[in-house]
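# Topology and contacts: notes
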Amino acid sequence: MKKLSTAILANLIITNRKKLSMTQQSLADATGINRSLISRMEKEDFLPSIPQLEQLGKVLGFEPTDVFTNGIHEKKRNVPSPMNIAVAGTGYVGLSIATLLAQNNHVTAVDIIPEKVDMINKRQSPIQDEYIEKYLTTKELDLIATLDGEAAYKNADYVVVATPTNYDSQKNYFDTSAVEAAIELVLKVNPDAIIVIKSTIPVGYTASVREKYHSSNIIFSPEFLRESKALYDNLYPSRIIVGYPKIMDDIRFSTENKAIRTIANVPMLEQAAKTFAALLQEGAIKEDIPTLFMGIKEAEAVKLFANTYLALRVSYFNELDTYAEVKGLDAQAIIQGVGLDPRI
């Protein structure tokens, strides 16, 4: 018997609404469905009637049959049977990743704050994130939290490092001490584990810690998350990127390629990177996620330049707003007109 998938419906509404540049209110006006119900559908919290579903399909351009599946919608696992994963840090990055992966794997979240650990074990979110709060209380997650990093890392296949790295703009310096403390403890109790750095770090940092600790099992995967929307952005990611010591097919990289072959088991790390990406894909709701594998420094640079571009975009529109105010213009109208250019 076919069932309506709230996850597929939510994804269709959100994706198609944004493609059409519609707000929830404009969609409500076009379909005659109350805006609060549309909001609940996007949160997978409301089943529409067939007439409502048909109206949504008509406005957003999908067939009502697209949201029905045979029983529970399941994805084929492209990774080994449930893995042991530890996550260091339970901020937005760490807790969203832990929640995502705990749908299909045994996950242990590690933090140094007892109150946060207690809340997670009581299925309460220590941070404000609607989807994390919802998943902790309504989903069957194989997730525990602990203060004991040594015990958590000892039998882990993967350790995701998502500890904070505060940036001091005056000194032009990242405080990576928490990242290195986690790496040191992992290498002490389980040197065979694959360590995936998710924390924000400068370009070249991963290579430096691989050299510092004489470990080739450290790779990097940038995150592209918004605060309060972290789990949502993991469920519907714009892309997945994993960096590992990749051999470059270009004579310019011959010296670096030689060094990589000397110190790293490249085929093993390539497989580890692909397995980690598959774990993220498996936990996501979105299908056909663009997934890129590249060198570690390139992956670090993607994060750097994505952040820089977003900051420039904010600054640009702040300048536009200031100009409009000085000239007595309607800033919102200008932003709307500029923003409709697909190149922008």
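In case you missed it, the structure is sitting above this.
Worth saying up front: this structure is predicted, and the values here are computed from it rather than measured. (Residues numbered from 1 in each chain as written. Predicted model: local features only at pLDDT ≥ 70, side-chain atom pairs only at ≥ 80, totals over all residues. Heavy atoms only, no water.)

### Structural notes on the nonpolar core
- Counting 47 residues, the largest nonpolar core has I85, L143 and Y158 as the members making the most contacts within it.
- If we ignore the near neighbours within four places in the chain, the residues touching L143 are A98, A102, V107, A109, I120, R123 and L136.
- The next biggest cluster of nonpolar side chains, apart from the first, holds 28 residues, and it includes A88, I218, F220 and I241. (Core = buried A, V, L, I, M, F, W, Y, C linked by side-chain atoms within 4.5 Å. Buried < 20%, exposed > 50% of the residue type's maximum accessible area, 1.4 Å probe, protein only. Contact = heavy atoms within 4.5 Å.)

### A few points about the packing of aromatic side chains
- Inspection of the entire model under this criterion finds 4 aromatic pairs.
- Note on Y131 and Y232: the rings are 5.3 Å apart at their centroids and 70 degrees apart in plane angle, and the pair reads as edge-to-face. Taken as a pair, Y131 in helix α7 (residues 130-138) and Y232 in helix α11 (residues 230-235) lie far apart in primary sequence, 101 residues in all. In this pair, the class of Y131 matches that of Y232, namely buried.
- Pairwise contacts between aromatic rings join Y131, Y232 and Y236 into one cluster. (Phe/Tyr/Trp six-rings, centres within 6.5 Å; stacked < 30°, edge-to-face > 60°. Helix = DSSP H or I, 4+ residues; strand = E, 2+ residues; numbered from the N terminus.)

### Thoughts on the packing of helix α2 (residues 24-31) against helix α4 (residues 50-60)
- It is at 10 Å that the axes of α2 and α4 come closest, and there the two elements cross at 115 degrees. The orientation of α2 relative to α4 falls into the category roughly perpendicular. Note that α2 runs across α4; the crossing there is right-handed. When α2 is examined against α4, the residues L27, A30 and T31 are found in contact with a partner set consisting of Q55, L56, V59 and L60.
- Looking at the contact of α2 with α4 residue by residue, the classes come out as 5 nonpolar, 2 polar and no charged. (Axes fitted to C-alpha atoms, helices over the stretch in contact; angles between N-to-C directions. Parallel < 35°, antiparallel > 145°, perpendicular 65-115°, else oblique. Left-handed = near helix turned anticlockwise from the far one by under 90°. Nonpolar A, V, L, I, M, F, W, Y, C, P; charged D, E, K, R; others polar.)

### Thoughts on unusual backbone geometry
- One non-glycine residue, R123, lies in positive phi territory at about 60 degrees.
- Residue position: R123 is located in the loop between α6 (114-121) and α7.
- With a phi close to 55 degrees, H214 is a non-glycine residue in the positive phi region.
- Within the secondary structure, H214 is located in the loop between α10 (205-212) and β10 (218-220).
- Classification of H214 as exposed rests on a relative accessible area of 75%.

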